[in-house]
Amino acid sequence: MKLTIVEYPDKRLRLKSKEVEVFDEQLHILLDAMNPLMMQTNGIGLAAVQVAYPIRALILNIPDEEGEQPSENLLEIINPIMSNQSGETMYQEGCLSVPKFYEDIKRFEFVTLNFQDRDGNTKTLEADGLLSIAIQHEMDHLEGVLFIDKLSYARRKKFEKEYKRMLKEKKES
Ligand code: Y12
Ligand code: CO
C-alpha cells in the first residue's frame, strides 16, 4: 500500500475523521503502511487523515532516552477518547503535514486516554510529557484541527506569509 503525506493547505486535512467500526485486514494494512512512512519521515506521530484516510486511527512512537524508536514502542490508537486532562505545558511542535515549521503550543500536561487497539480491544493509557503532547496533537487531526490553528492572530499571519514563500520556492526549484 503506497501512502503519501497530505500537506497544508490541502483541504483533506480539515475533514472530521469517522469512527472505526470494522477491525479487519484493511485496517491492519493501513496501519502497517503508516508506520514505515512515519519512520522514513522522522515522525513521532501520524494520524490516518494525514495519509488521506479520514478514520479515527493514529500511530505514535515516542523516542526513548537514546532517541531510538524501536517498533516495540509503537502505539496504535483507534477511536481515542480523552477522559481526564490536567495541568499545562508548552512545547515547540512540528507536524509532518506542515513541513519545516515549529511553533510553541500550550497543551494539557497529563491526559488519560481510552482507545481501542487494531483488534478492537479496549485500552486505557495515562500519559504525561511528550506522549501526552503527541496524543493531543494527533487527536486534533481527527477533528480537522492543526497546531497552527492554535497560534495567535499575529503568529498565524507570519506563518502564512513564510509558508507561502516556502511553497513558492519549492515550486520554482
Ligand atoms: C510533539 C509535538 C508534535 C507531535 C506531533 C507529531 N509530529 C511529528 O511527528 C513531526 C515530524 C516532523 C518531521 C520532520 O522531518 C522530516 O520531515 C524529515 C520535520 O522536518 C521538516 O519538515 C524539514 C518536521 C516535523 C508530537 C509530539
Ligand atoms: Co500533525
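Under the counting rule described, the total for this entry stands at five aromatic pairs. Each ring, one from Tyr8 and one from Phe159, has its centre 5.8 Å from the other, and the planes form 50°; the classification is tilted. With Tyr8 in the segment before α1 (25-40) and Phe159 in helix α3 (residues 153-172), this pair connects stretches of sequence that are 151 residues apart. When sorted by exposure, Tyr8 lands in the same class as Phe159, which is buried. Judged by centre distance (5.6 Å) and plane angle (55°), the rings of Phe101 and Tyr163 are tilted. One end of the pair, Phe101, is in strand β5 (residues 98-107); the other, Tyr163, is in helix α3, with 62 residues separating them in the sequence.

Take the pairing of strand β6 (residues 110-116) next. Counting buried positions along β6 yields five of seven residues, so the element is predominantly enclosed. Note: strand β3 (residues 75-86) against β6, six bridges, orientation antiparallel. When the bridges of β6 are listed, Asn84 appears paired with Thr112. Note that β6 and strand β7 (residues 122-127) share six bridges and pair antiparallel. By the bridge assignment, Asn114 is partnered in β7 with Thr124. With antiparallel pairing between neighbouring strands as the criterion, β6 and β7 make up a hairpin whose turn holds five residues, including Gly120 at a positive phi of roughly 90°.

Attention shifts here to the site of ligand 1. Near ligand 1 you find 18 residues, and of these Thr41, Ile44, Gly94, Lys100 and Tyr102 are the closest. Note that an oxygen atom of ligand 1 is positioned 2.7 Å from one of the backbone N or O atoms of Ile44. Listed by contribution, the elements that provide at least two residues to the shell around ligand 1 are β4 (89-95), β5 and α2 (129-142). It is α2 that provides the largest number of residues to the shell around ligand 1, a total of five residues.

Next up on the list: the confidence of the model for the protein. Here the protein shows a mean pLDDT of 98. Residues at 70 or above account for 100%. The least confident element of the protein, judged by mean pLDDT, is α3 at 96; the most confident is strand β2 (residues 57-60) at 99.

Before going further, it helps to spend a moment on the sheet that holds β7. Pairing is antiparallel in the open sheet, where five strands are placed in the order β1-β2-β3-β6-β7. Only two strands of the sheet have a single partner each, and these edge strands are β1 (45-47) and β7. This sheet shows a mean twist of 35° between the axes of neighbouring strands, independent of strand direction. Pairing geometry for β2 and β3, over four bridges, is antiparallel. From the neighbouring strand, Ile59 faces β3, where its bridge partner is Glu76. Across the sheet, α2 is in contact with β1, β2, β3, β6 and β7; its angle to β2 comes to roughly 155°.

Overall, the coordinates contain 17 salt bridges when judged by the stated rule. A salt bridge links Glu162 to Lys158, with the shortest nitrogen-to-oxygen separation between them at 3.3 Å. Taken together, the positions of Glu162 and Lys158, both in helix α3 and four residues apart, correspond to about one turn of that helix. Classification of Glu162 by relative accessible area gives partly exposed; the value is 29%. A residue is classified by how much of its surface remains accessible, and Lys158, at 53% relative accessible area, is exposed.

Calculation rules
Residues numbered from 1 in each chain as written. Chains lettered and ligands numbered in written order. Predicted model: local features only at pLDDT ≥ 70, side-chain atom pairs only at ≥ 80, totals over all residues. Heavy atoms only, no water. Phe/Tyr/Trp six-rings, centres within 6.5 Å; stacked < 30°, edge-to-face > 60°. Helix = DSSP H or I, 4+ residues; strand = E, 2+ residues; numbered from the N terminus. Buried < 20%, exposed > 50% of the residue type's maximum accessible area, 1.4 Å probe, protein only. Pairing = 2+ DSSP bridges. Near = heavy atom within 4 Å. Polar contact = N/O pair within 3.5 Å; in protein donor to acceptor, adjacent residues only side chain to side chain. pLDDT = per-residue confidence, 0-100. Axes fitted to C-alpha atoms, helices over the stretch in contact; angles between N-to-C directions. Contact = heavy atoms within 4.5 Å. Salt bridge = Lys/Arg side-chain N within 4 Å of Asp/Glu carboxyl O.

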